[in-house]
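Structural overview
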Amino acid sequence: MDMTNQEYGRYVSQKAKPSPLWKNLLWAFVTGGLICTGGQALLNLFRGCGLNENAAGTAVSVTIIFLAALFTGLGLFDKLAKHAGAGTLVPITGFANAVVSPALEFKCEGLVMGVGAKMFVIAGPVLAYGISASVLYGVILQLFFRG
């Protein structure tokens, strides 16, 4: 069955259900907001335990990354993401999921060629472009906006 790109696009459009845009936006907003609210609650908890602002922020980051990785490993993150959509992509939780998912998927190929080589399949481009952009912005800042 040969199809042109345009014919294939029309075929997919006919078969695909329309996405409930406003419902998806609302769920993403609520879920992302709840994750951030949980982060703020953790920050308040760690501050209440006597940590300074920087140490408490670090503890919150580590805790949220750990929980996102744990939930990914237990299969709970995918179930949440199925219903919550993009709200689970709050940068820190989405990044943890993007690292752990391929690591789990390729663990049968071994620690080096499986987990080690495939762990950053999804997150690698994000890291590469993020680091490259920060270096470029730093160079521009130094060249044109020196104090």
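Scroll up to find the structure this text is about.
Residues numbered from 1 in each chain as written. Predicted model: local features only at pLDDT ≥ 70, side-chain atom pairs only at ≥ 80, totals over all residues. Heavy atoms only, no water.

Regarding the nonpolar core
This is how it is decided: Throughout, nonpolar core names a set of buried Ala, Val, Leu, Ile, Met, Phe, Trp, Tyr and Cys residues whose side chains join them through atoms within 4.5 Å. For every residue, the accessible area (1.4 Å probe, protein chains only) is compared with the maximum for its type, and the residue is labelled buried under 20%, exposed over 50%, or partly exposed between those bounds. Only DSSP runs of H or I with at least four residues qualify as helices, and only runs of E with at least two residues qualify as strands; both kinds are numbered from the N terminus onward. The contact criterion used is simple: two residues touch if any of their non-hydrogen atoms lie within 4.5 Å.
Leu43, Phe46, Ala56, Ala59, Val60 and Ile64 form the largest nonpolar core, which has six residues in total. If you list the elements that add at least two residues to this core, you get α2 (21-48) and α3 (53-73). In terms of residues, this core owes the most to one element, α3, which gives four residues. Setting aside its immediate chain neighbours within four residues, Ile64 contacts Gly39, Leu42, Ile92 and Thr93.

Quick notes on the side chain of Thr72
Basically, it comes down to this: Contacts described as polar in this section are N or O atom pairs within 3.5 Å, which, within protein, must combine one atom able to donate a hydrogen with one able to accept it, while residues neighboring in sequence count only if both atoms come from side chains.
You can see Thr72 is positioned in helix α3. On the basis of relative accessible area, Thr72 is assigned to the buried category, the value being 7%. Side-chain polar atoms of Thr72 contact the side chain of Asn97, separated by 2.8 Å. Other than its neighbours up to four places away in sequence, Thr72 contacts Phe77, Asn97, Val100, Ser101 and Leu104.

Considering α3
Cut-off, in case you're wondering: By definition here, a helix of n residues has an expected span of 1.5 Å times n minus one.
For α3, built from 21 residues, the straight-helix expectation of 30 Å at 1.5 Å per residue is met to within 8% by its first-to-last C-alpha distance of 30 Å. Within the sequence span of α3, burial applies to Ala56, Ala59, Val60, Ile64, Ala68 and Thr72. Where the residues of α3 are buried, they touch α2, α4 (76-84) and α5 (91-105). Remark: Gly75 follows α3 within two positions and exhibits a positive phi of approximately 80 degrees.

A short note on the packing of α3 against α5
The criterion, for reference: Angles shown run from 0 to 180 degrees and are taken between the N-to-C directions of axes, each axis being a line fitted to C-alpha atoms and, for helices, limited to the stretch in contact. Here is the rule for angles: anything less than 35 degrees is roughly parallel, anything more than 145 is roughly antiparallel, 65 through 115 is roughly perpendicular, and the remaining ranges are oblique. In this scheme the crossing of two helices becomes right-handed for a clockwise turn of the near helix relative to the far one and left-handed for an anticlockwise turn of less than a right angle. Under the scheme applied, nonpolar residues are Ala, Val, Leu, Ile, Met, Phe, Trp, Tyr, Cys and Pro; charged residues are Asp, Glu, Lys and Arg; polar residues are all the others, including Gly.
Where α3 contacts α5, the two axes come as close as 8 Å, and the packing angle between them is 40 degrees. Our classification of the angle between α3 and α5 gives oblique. Considering how the two elements wind past one another, α3 and α5 form a crossing that is right-handed. From α3, Ser61, Ile64, Ile65, Ala68, Ala69, Thr72 and Gly73 reach across to α5, where they touch Ile92, Thr93, Ala96, Asn97, Val100, Ser101 and Leu104. Broken down by class, the residue content of the contact of α3 with α5 amounts to eight nonpolar, six polar and no charged.

Regarding the packing of α2 against α3
Here α2 crosses α3 at 135 degrees, and the two axes come no closer than 9 Å. Viewed along their axes, α2 and α3 adopt a mutual orientation that is oblique. Considering the relative orientation of α2 and α3, their crossing is right-handed. Within the contact between the two elements, α2 uses Gly39, Leu42, Leu43, Phe46 and Arg47 and α3 uses Glu53, Ala56, Gly57, Ala59, Val60, Thr63 and Ile64.

The quantities given are spatial measurements derived from coordinates; they are silent on function.
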